[in-house]
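# A structural walkthrough
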Amino acid sequence: MHFFPAASTVADLAETAETTADLAETAEAVTDLAETAEAVTDLAETAEASIDYLQKLIEFLVDKAQLLVGALIILIVGLYICKFIRKVVRNSLEKTRLDASVAGFINSLTKYGLWALLAVIVINKLGVDTTSIIALLTSASLAVGLALQGCLSNLAGGILLLIMKPFVVGDYINDGCGHEGTVTAIEIIYTRLLTADNQSICIPNGKLADSSVTNLTHQTSRRIDFEVGIDYGENIDYVRSVLLETASKSPYPDTSNPPQVFVTSFDSSSVKIVLRIWCATDNYWPAKFEIQEAIKKAFDEEGITIPYEHMDVNIIHPSDEKE
């Protein structure tokens, strides 16, 4: 015999299944609500933290408003004062007619020095202790100064050269160390020379400031001495007349300083006699080369002998010694 469930029992089972499904959906909804509540809580905490930060920021700004306003006023007024001081310094430098390189260097030094002083004042006004900052800057400056000792020496030398002006661009100088040439540029660190054979030489300003520099073109005129040797048998008065005539034929000697001829020494094989003339500085080399050549030609024409050292070699054969 087979028994089949009653229709009411099946209906109850269906309702139970439906109830179970509803409970599952309800549990899922409750989980979503819990997650949403947690997110809302996090958002509330974030909002609360932001509000606390803003409140603290506002309180800080209110507390420091007086300092900020004071520092801002000092900054604005200080910038105007710096500008005024730089203008006064620039006008003073223009009146002194210093070299453009020196004037520019002093202007830059004044500008950055004033800005640094203003920055320290503003920072101090904000309540920051500037003692450590100044100590740090001092230490850094000392370290940089020791590292750049040579450059700083050349820098100081360049400033002295540009202020004292022992020579200017265009002068022909000798630095006392074997270098000579025309000055083409006087820079803060180096001075540039152009030699007679078109070589460029860079000399550190520190060496030029500490050495004896000869400025060969500072004056408008220069003296040239032509020293020649004549034989002891020559007539000195006649040689003098020949040298003076040679100088008179050249266009370079200065007529306001007449040429001179005099004896300077008596050597073992010759009498040293000098022709001295003065000429314009710009004509120094042409006058020296032309007159020196003219002296040799004049001596050759007049039969004046210029002694020179020579050696007589006598060869003795052994047979001659026996005789």
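Quick note: structure is the one above.
Basis of the calculations
- Residues numbered from 1 in each chain as written.
- Predicted model: local features only at pLDDT ≥ 70, side-chain atom pairs only at ≥ 80, totals over all residues.
- Heavy atoms only, no water.
- Helix = DSSP H or I, 4+ residues; strand = E, 2+ residues; numbered from the N terminus.
- Buried < 20%, exposed > 50% of the residue type's maximum accessible area, 1.4 Å probe, protein only.
- Contact = heavy atoms within 4.5 Å.
- Lys, Arg positive; Asp, Glu negative; His and termini not counted.
- Salt bridge = Lys/Arg side-chain N within 4 Å of Asp/Glu carboxyl O.
- Axes fitted to C-alpha atoms, helices over the stretch in contact; angles between N-to-C directions.
- Parallel < 35°, antiparallel > 145°, perpendicular 65-115°, else oblique.
- Left-handed = near helix turned anticlockwise from the far one by under 90°.
- Nonpolar A, V, L, I, M, F, W, Y, C, P; charged D, E, K, R; others polar.
- Phe/Tyr/Trp six-rings, centres within 6.5 Å; stacked < 30°, edge-to-face > 60°.
- Pairing = 2+ DSSP bridges.

Attention shifts here to the overall build of the protein. The helix and strand inventory of the protein stands at eight helices and eight strands. Across the 323 residues in the protein, those meeting the buried criterion constitute 21%. Considering only contacts in the protein between residues 6 or more positions apart, those separated by 24 or more positions represent 62%.

Here the focus is the side chain of D175. Here D175 lies in the loop between strand 1 (172-174) and strand 2 (180-186). In this structure, D175 is buried with no salt-bridge partner, the nearest side chain bearing the opposite charge being K207 at 8.0 Å.

At a closest axis distance of 10 Å, the pairing of helix 6 (residues 236-248) and helix 7 (residues 284-302) adopts a crossing angle of 135°. Taken as axis vectors, helix 6 and helix 7 run oblique relative to one another. Helix-helix and strand crossings are classified by hand; for helix 6 and helix 7 the assignment is right-handed. Residues Y238, V239, V242, L243 and T246 of helix 6 lie in contact with helix 7, whose contacting residues are A294, I295, A298, F299 and E302. Each residue belonging to the contact of helix 6 with helix 7 can be placed in one class, and the counts come to eight nonpolar, one polar and one charged.

Looking now at the packing of aromatic side chains. As enumerated under the stated definition, the model contains three aromatic pairs in all. Considering the side-chain rings of Y112 and W115, the 6.0 Å spacing of their centres and the 90° angle between planes classify their relative orientation as edge-to-face. Remark: W115 and Y112 occur in helix 2 (residues 100-125); sequence separation between them is three residues, near one turn of the helix. In this structure W115 comes out as partly exposed when scored by relative accessible area, which is 41%.

Attention now goes to the pattern of salt bridges. Under the criterion given, the structure shown has eight salt bridges. The salt bridge partner of D300 is K296, with a shortest N-O separation of 2.7 Å. Residue D300 and its partner K296 are both found in helix 7; the two are separated by four residues, about one turn of the helix. Assessed through its relative accessible area of 43%, K296 is described here as partly exposed. Residues joined in a network through salt bridges with shared partners are R223, D225 and R276.

On to the sheet that holds strand 2. Adjacent strands of a sheet form backbone hydrogen bonds with each other and so pair up, either parallel or antiparallel. One open sheet holds the five strands; their spatial order is 4-3-2-1-5, and the pairing between them is antiparallel. Both outer strands of the open sheet, strand 4 (200-204) and strand 5 (214-215), are each paired with one neighbouring strand and no more. Bridge analysis of strand 3 (residues 190-194) against strand 4 gives five bridges, and the strand direction is antiparallel. Paired with L194 across the two strands is S200, which belongs to strand 4.

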